[in-house]
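Okay, here's what each chain looks like letter by letter:
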Amino acid sequence: MTTRILGYAAKAMGETLKPFTYAPPELGEHDVRVAVTHCGVCHTDIQAINDYYGITQFPFVPGHEIVGVISEVGPDVSSLKEGDRVGIGWQARSCGVCEWCLKGETQLCMKIEDTTVMVPYGGFSSSVVADHRFVYPLPSSMPAEIAAVLLCAGVTVYSALRTYVTSPDLKVAILGVGGLGHLAIQFAHAFGCEVTAMSSSPDKEEQALGFGADHFINSTDKDSMRQVSYGYDLLVCTANNGIDWSPLLMSLKKRGRLVLLGFPDMELNSTNLVAHELSITGSLIGTSSTMRAMLSFAQEHGIKPVVELMPMSQVNAALQKVKENKARYRIVLVNEAQSS
């Protein structure tokens, strides 16, 4: 085992990441230690660096879309072994005793601030520790960069669609053709739904249709949005900024549902919510069983994110591309020391 871990940390809120070495975290009896080979870059990493959620502890090493190889296992771990290639998403543990953990809904653990793999330090590093129950063996034929993105973005969209797509004949709209949206289109298509991609970027139409969308709408075109009033059973919002909520809510059928996967600002008139009996729901990652089901489903249906690889040493350049919305569509960092 390495005597020191190399990571890239923000020393204070909003700061640029810098090389940071630290002692290996203690390995619990149910834990495994994973040598990180790949780690995806998520918009949530940027929000955490900026302490958007008010829970970030500095120095902070981001990274929660992790693929690597197990280097050590705790004494009570029998399902995994050294040398296994595995993935870890946002959640790396749970309290096990709150009402949600007892129900099996561990993603809603009341100790959510302590459950992330970024505590104490995340995947922009050479090694992480996680409870083995949140560490997932990967299909041998699934490339590491594909798996990394699926472990967060993939499970986020899959969990929401699996919950709310109650019939394949539903008409589903996906708002945003980005890191989450381009996967949501693929999953919704694989579920057999009629899928409409909505985006404020008309130049994404060809790619959206290539991902499996049946239709494409420019969400900023008022005439186009009026034509789809009362058109959708389910609207999945993967966008974060610049959203005009009124025409979007009008695009839902009566008793339709809007599912939020990001953290967009919301300012809307409640009239349509009440008059049309609409629902607005959030959806956060998924359970361990959902993660396993998602990986299997994605493998079976050939669902793959579009990925750009960058060396982990260029982490700040990668974060900047995500900030500027220039990632098409996800960036995965390669740990040069361990991926060869």
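Presented here is a report on the structure given in the accompanying data block.

Procedures and definitions
Residues numbered from 1 in each chain as written. Predicted model: local features only at pLDDT ≥ 70, side-chain atom pairs only at ≥ 80, totals over all residues. Heavy atoms only, no water. Helix = DSSP H or I, 4+ residues; strand = E, 2+ residues; numbered from the N terminus. Buried < 20%, exposed > 50% of the residue type's maximum accessible area, 1.4 Å probe, protein only. Polar contact = N/O pair within 3.5 Å; in protein donor to acceptor, adjacent residues only side chain to side chain. Contact = heavy atoms within 4.5 Å. Arc of directions from axis to C-beta. Phe/Tyr/Trp six-rings, centres within 6.5 Å; stacked < 30°, edge-to-face > 60°. Lys NZ or Arg CZ within 6 Å of the ring centre and 35° of its normal. Pairing = 2+ DSSP bridges. Axes fitted to C-alpha atoms, helices over the stretch in contact; angles between N-to-C directions. Parallel < 35°, antiparallel > 145°, perpendicular 65-115°, else oblique. Left-handed = near helix turned anticlockwise from the far one by under 90°. Nonpolar A, V, L, I, M, F, W, Y, C, P; charged D, E, K, R; others polar. Patch = residues over 30% accessible without salt bridge, like charges linked within 9 Å, V, L, I, M, F, W, Y side chains within 5 Å. Areas by Shrake-Rupley, 256 points an atom, 1.4 Å probe, with all protein chains shown as cover. Salt bridge = Lys/Arg side-chain N within 4 Å of Asp/Glu carboxyl O.

Section: the side chain of His64
For His64, the position within the fold is in the loop between helix H1 (43–49) and strand E4 (66–73). Look at His64 and you get buried, because its relative accessible area is 0%. Looking at His64, its side chain comes within polar contact range of the side chain of Asp45, at 2.9 Å. For His64, the residues in contact, after removing those within four places along its chain, are Cys39, Cys42, Thr44, Asp45, Ile88, Gly89, Trp90, Val117, Met118 and Cys152.

Some thoughts on helix H11 (residues 315–323)
Listed as buried for H11 are Val315, Ala318, Leu319 and Val322. What you see down the axis of H11 is that its buried residues fit within an arc of 100 degrees, all on one side. Turning to H11, the residues buried within the fold contact strand E1 (5–9), strand E3 (31–41), H1, strand E14 (307–311) and strand E15 (330–334). Phi turns positive, to about 60 degrees, at Asn325, one or two residues after H11.

Comments concerning the packing of aromatic side chains
Applying the stated criterion across every chain yields a total of 13 aromatic pairs. The structure contains a cluster of three or more aromatic residues connected by ring pairs, namely Tyr158, Phe187, Phe191 and Phe297. Taking NZ or CZ as reference, Lys103 lies 4.3 Å from the ring centre of Trp100, over its face.

Some words on the sheet that holds strand E13 (residues 279–282)
If you walk across this open sheet you meet the six strands as E10-E9-E8-E11-E12-E13, and the pairing is parallel. Single-partner strands in this sheet number two, and they are strand E10 (215–218) and E13. Between one strand and the next, the sheet's axes are offset by a mean angle of 20 degrees, whatever the strand orientation. Two strands pair when backbone bridges link them, and strand E9 (residues 194–199) and E10 are joined in this way by four bridges, in the parallel orientation. Paired with Thr196 across the two strands is His215, which belongs to E10.

A word on the pairing of strand E11 (residues 232–237)
Of all six residues in E11, five are buried; the element is thus mostly enclosed. Two strands pair when backbone bridges link them, and strand E8 (residues 171–175) and E11 are joined in this way by four bridges, in the parallel orientation. Bridge pairing links Ile174 to Val236 in E11. In this structure, E11 lies alongside strand E12 (residues 252–260), joined through five bridges in parallel fashion.

Here's the deal with the packing of helix H4 (residues 144–164) against helix H5 (residues 181–190)
H5 packs onto H4 with a crossing angle of 50 degrees between their chain directions and a minimal axis gap of 9 Å. Between H4 and H5, the angle is such that the two are oblique. Here the hand of the crossing between H4 and H5 comes out right-handed. Across the interface between the two elements, Val149, Leu150, Ala153, Gly154, Val157, Tyr158 and Leu161 of H4 pack against Leu183, Ala184, Phe187 and Ala188 of H5. In terms of residue class, the contact of H4 with H5 is made up of 10 nonpolar, one polar and no charged.

Topic: a nonpolar patch on the surface
Together, Tyr52, Tyr53, Ile55 and Phe263 make up an exposed nonpolar region whose accessible area comes to about 370 Å². In this fold, Phe263 is placed in the loop between E12 and helix H9 (271–275). A residue is classified by how much of its surface remains accessible, and Phe263, at 39% relative accessible area, is partly exposed.

Examining the pattern of salt bridges
Summed over the entire model, instances satisfying the criterion amount to 10 salt bridges. Residue Lys81 pairs with Asp84 through a salt bridge whose shortest N-O separation is 2.9 Å. Overall, Lys81 belongs to the exposed group, its relative accessible area being 53%. On the accessibility criterion, Asp84 (16% relative accessible area) is buried. For Lys321, the salt bridge identified is with Glu308, shortest N-O distance 2.8 Å. Of this pair, Lys321 sits in helix H11 while Glu308 sits in strand E14, and the two are 13 residues apart along the sequence. For Glu308, a relative accessible area of 27% puts it in the partly exposed group.

Focus on the side chain of Ser159
You can see Ser159 is positioned in helix H4. Within the structure, Ser159 has its side chain in polar contact with the backbone oxygen of Ile285 (distance 3.0 Å). Other than its neighbours up to four places away in sequence, Ser159 contacts Ser283, Ile285, Gly286 and Thr290.

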